[in-house]
Amino acid sequence: MLIEKLFRPSILKRTIFFIFADILLFALSFYLSYLFRLGFYISSEFYAGFYNALPLLIGLKLLMLYLLKIYHVVWRFFSLTEAKKLIFAIFMGNLIFAILFLPFVQVPFPRSVILIDFFISAILVGGFRISKRLLLETKRKPGLKRALIIGANSKASNLIKSFLSNEIEYYPVGIITDKDKMVGTYLSNIKIHGFDKLKTLIDTFKVNSVIITEDYSSKELDNLFEMLSELGIKEIKIARLLGDKEDKLKDIAIEDLLARKPKDLDTSAIQSFIKGKKVLITGAGGSIGSEIARQCKVFGAKQLILVESSEYNLYKICEDLDSKIAVPKLLSVLERDKLDSIFEELKPDIVIHAAAYKHVPLCESNIDSAVKNNILGAINVIDISIKHSVEKIVNISSDKAVRPTNVMGATKRVTELYAQNVPSGKTEIVSVRFGNVLGSSGSVVPKFKEQIQNGGPVTVTHPEITRYFMLIPEACQLVLQAGAMAKGGELFILDMGEPVKIVDLARKMIRLYGKEGEVEIEFTGLRPGEKLYEELLIDEAECRTKYESIYVAKPTEYPIEKLRENIEELLNSDDKIAALKKIVPEFNHRD
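Here the structure is a predicted model, which means the values were calculated and not measured.

Participant: Describe in detail the packing of helix α13 (residues 336-346) against helix α15 (residues 367-387), supporting the description with residues and values.
Facilitator: Between α13 and α15, the shortest axis-to-axis distance is 10 Å and the interhelical angle comes to 35°. The crossing of α13 and α15 is right-handed. Of α15, the residues touching α13 (which contributes R336, L339, D340 and F343) are I379, N380, V381, D383, I384, S385 and K387. Partitioned by chemical class, the residues of the contact of α13 with α15 number five nonpolar, two polar and four charged.

Participant: Any chance you could break down the pattern of salt bridges for me, citing the residues and the numbers?
Facilitator: Side chains that differ in sign of charge can pair as their charged atoms come close. On inspection of all chains with the given rule, the structure shows 28 salt bridges. One salt bridge connects K338 with E335, and the closest N-O pair in it is separated by 3.0 Å.

Participant: Mind laying out the sheet that holds strand β8 (residues 278-282), listing which residues take part and the relevant values?
Facilitator: Overall, mixed pairing links the nine strands, which are arranged β10-β9-β8-β11-β12-β13-β18-β22-β21 in an open sheet. Looking at which strands have only one partner, the edges of the open sheet turn out to be β10 (326-330) and β21 (543-544). Relative to strand β22 (residues 550-553), strand β18 (residues 491-494) runs antiparallel, the two sharing four bridges. Following the sheet pairing, F492 is matched in β22 by V552.

Participant: Before we move on, could you go through the nonpolar core and cite the residues and values that matter?
Facilitator: Side chains that are nonpolar tend, in soluble globular proteins, to be buried together. If you look at the biggest cluster of nonpolar residues, it comprises 46 residues, and the most contacted ones within it are I274, I292, L306, I352 and F434. Counting residues per element, this core draws most heavily on helix α18 (residues 472-485), at eight residues. Core analysis: the next-biggest nonpolar cluster, separate from the first, contains 44 residues, L331, V333, V360 and Y558 among them.

Participant: Describe in detail the pairing of β8, supporting the description with residues and values.
Facilitator: When you tally the buried positions in β8, you get four out of five residues, the bulk of the element. Summarising the sheet, β8 and strand β9 (residues 303-308) pair through five bridges and their orientation is parallel. Note that in β9 the partner of V279 across the bridge is L304. Crossover β8 to β9 through helix α11 (residues 287-298) is right-handed.

Participant: So what about the sheet that holds strand β1 (residues 145-150)? Which residues, and what values?
Facilitator: Here we have seven strands laid out as an open sheet, ordered β3-β4-β2-β1-β5-β6-β7, and mixed in their pairing. At either end of the open sheet lies a strand with only one pairing partner, and these are β3 (186-187) and β7 (249-251). Of the strand pairs in this sheet, strand β5 (residues 209-212) and strand β6 (residues 235-239) are connected by four bridges, and their pairing is parallel. Bridge pairing in β6 places I211 opposite K237.

Participant: So what's going on with the environment of V402? Which residues, and what values?
Facilitator: Here V402 lies in the loop between β12 (392-398) and α16 (407-421). Taking the C-alpha atoms as reference, V402 lies 8.5 Å from E586; in sequence the two are 184 residues apart.

Participant: Summarise the pairing of β5; cite the residues concerned and give the values.
Facilitator: Residue alternation in β5 divides its side chains into two sets, S209 and I211 and V210 and I212, and both sets are buried. Strand direction decides the pairing type here: β1 and β5, joined by four bridges, are parallel. Of the residues in β5, the one forming a bridge with L148 is V210.

Participant: Can you lay out the state of the cysteines for me, pointing to particular residues and giving the numbers?
Facilitator: Counted according to the given criterion, the structure contains zero disulfides. The thiol of C296 is not disulfide-bonded; the next cysteine sulfur, from C476, is found 9.1 Å away.

Participant: How would you summarise α13 if you had to cite specific residues and measurements?
Facilitator: Counting along an α-helix, one turn takes 3.6 residues, and residues three or four places apart therefore face a common direction. Along α13, the residues classified as buried are L339, D340, I342, F343 and L346. Along α13, the residues classed as buried sweep out an arc of 155° about the axis, all on the same side. In α13, the exposed residues that point more than 90 degrees away from the buried face are D337, K338 and E345. The inward-facing, buried residues of α13 contact β8, β9, β10, β11 (350-353) and α15.

Participant: I'd love a proper account of α18, names of residues and values included.
Facilitator: With 14 residues, α18 should cover 20 Å at 1.5 Å per step; its first-to-last C-alpha distance of 20 Å lies within 8% of that length. With 12 of 14 residues buried, α18 is to be regarded as a mostly interior element. Those residues of α18 not exposed but buried are I472, E474, A475, C476, Q477, L478, V479, L480, Q481, A482, G483 and M485.

Participant: So, unusual backbone geometry: which residues are in play, and what are the values?
Facilitator: Residues G456 and P457 are joined by a peptide bond in cis, for which omega reads 0°. Looking at the secondary structure, you find P457 in the loop between α17 (444-453) and β15 (458-460). Even without being glycine, K69 reaches a positive phi, approximately 60°. On the secondary structure map, K69 appears in the loop between α3 (47-67) and α4 (80-101).

Definitions and cut-offs
- Residues numbered from 1 in each chain as written.
- Predicted model: local features only at pLDDT ≥ 70, side-chain atom pairs only at ≥ 80, totals over all residues.
- Heavy atoms only, no water.
- Axes fitted to C-alpha atoms, helices over the stretch in contact; angles between N-to-C directions.
- Helix = DSSP H or I, 4+ residues; strand = E, 2+ residues; numbered from the N terminus.
- Left-handed = near helix turned anticlockwise from the far one by under 90°.
- Contact = heavy atoms within 4.5 Å.
- Nonpolar A, V, L, I, M, F, W, Y, C, P; charged D, E, K, R; others polar.
- Salt bridge = Lys/Arg side-chain N within 4 Å of Asp/Glu carboxyl O.
- Pairing = 2+ DSSP bridges.
- Core = buried A, V, L, I, M, F, W, Y, C linked by side-chain atoms within 4.5 Å.
- Buried < 20%, exposed > 50% of the residue type's maximum accessible area, 1.4 Å probe, protein only.
- Right-handed = clockwise from strand over helix to strand, strands pointing away.
- Disulfide = S-S within 2.5 Å.
- Arc of directions from axis to C-beta.
- Expected span 1.5 Å × (residues − 1).

On their own, these measurements won't tell you what the molecule is for.
Set out below in structure tokens:
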């Protein structure tokens with residue numbers, strides 16, 4: 001244990017080691033300089049100058065190396081930047097030596113030795129420092145996986161450096177690019193090929209792994225994934241530019257292939273909307289509510305009032321946020337008096353209503369609870385916001401509100417109608433409708449992941465069922481963007497891209513996990529209230545806004561007193577389905 005502790009690396013031991021090594025190398029350099037200058041024979045008359053100069057020269061060089069923090073650099077990370085600093089330190093040491101020594105030297109001393117010594121010192125000391133790195137980079141660890149890199153860029157270069165430093169378990173055997181000008185050139189001694197050589201390289205080097213460094217759109221990435229899968233590639237990674245705590249590589253995920261990344265995201269509009277404001281978020285611990293809270297923090301909210309009925313979910317989102325701006329409030333939106341007192345106390349500027357029961361089968365099994373929570377909860381939030389003259393309310397709706405076939409969708413349509421028709425005074429009210437978000441709690445993606453990891457089967461309700469998908473952060477940013485542009489009374493619809501067949505999603509995920517041929521897909525039949533195809537638009541008369549990713553629907557007029565009367569009847573009715581159909585005539589319930 002004592003010996004192990006003695007040889008364990010430390011900053012002090014590394015510094016002492018290099019100081020002693022540098023003393024020897026500087027002495028050798030000075031001696032070699034004398035030899036070169038004097039024709040490899042040093043006569044006795046020159047030794048006095050040698051011994052007089054040596055301590056001062058070595059001392060000045062060590063001092064400069066210390067001042068420029070060369071002794072703080074870890075051996076294996078000695079790079080070009082440190083090499084330039086080292087050369088400068090040696091140069092300054094020799095220069096100061098010449099200024100201090102030459103005017104006062106009384107013995108024979110060849111002045112050109114100083115210049116020769118500078119070059120030899122730089123070679124010896126620099127070479128010594130990069131020697132271990134060169135050794136590490138030429139010594140390949142056993143068990144490395146052969147990999148192709150797709151993308152000739154700075155991330156590919158950093159990736160190769162990570163391999164040379166033994167930081168990743170992949171050995172790059174080639175680089176693939178679609179940039180014709182780079183084909184045939186080399187990056188860190190690895191040849192760059194076009195995509196026409198992809199199959200040849202995979203077969204020649206028996207490659208099973210591919211690392212993608214190019215920034216592709218989700219559609220391009222999906223096409224590339226299909227191509228690589230057909231060529232037998234079992235492992236696909238994506239390289240990222242990351243912070244210190246994250247991995248350099250991540251597995252390609254279904255979210256990468258399905259994400260619809262909006263090109264017209266207006267972060268400046270969102271920041272103007274959120275910065276310096278007090279934002280109250282209901283359902284703040286849910287998938288949407290929690291991400292909206294994070295986004296509001298990013299865009300400079302002054303205070304985040306987090307209303308949530310789940311203690312654990314509220315705890316989780318508070319852990320993610322700065323305690324200085326997060327104000328947790330544990331209550332349900334059905335607790336009207338408590339909610340009112342929060343508005344009275346904290347006076348929010350913006351309200352984002354994300355609290356709702358959203359799982360279709362559960363809402364079908366608990367119709368009374370779904371109606372009460374989704375409709376009465378939204379009414380409470382809207383009415384109290386109007387009472388306290390909140391600047392703006394953003395009511396989050398769903399694509400299931402379009403010609404609804406289930407209770408969840410019908411309740412969301414009722415809240416849209418209420419938000420559009422209630423007299424709002426100084427308060428601007430807007431609803432935002434979008435489809436499924438990837439990875440939200442209870443959604444199909446985490447469900448499929450669990451089923452695949454458990455060996456299957458993956459259960460799909462119908463071979464033709466389709467859904468729209470978007471990443472949670474992107475959906476939430478567009479929600480805030482829609483809120484920023486709203487003037488009051490609008491129903492905004494987010495463009496979710498192309499619908500995805502769920503069975504295709506299941507097959508793709510099985511391939512992603514390398515379980516093709518092992519995990520089966522089982523069709524279970526449509527569940528109560530479930531549609532084959534979700535819709536985002538009510539009809540073809542929807543209008544585009546200045547943003548391609550956001551549409552605005554025509555307002556639906558519904559006299560507010562009549563709507564309130566019908567909602568009251570609904571809440572007290574024994575036949576909730578019939579009462580919902582009275583408010584939402586297009587509701588075609590499928591049980």
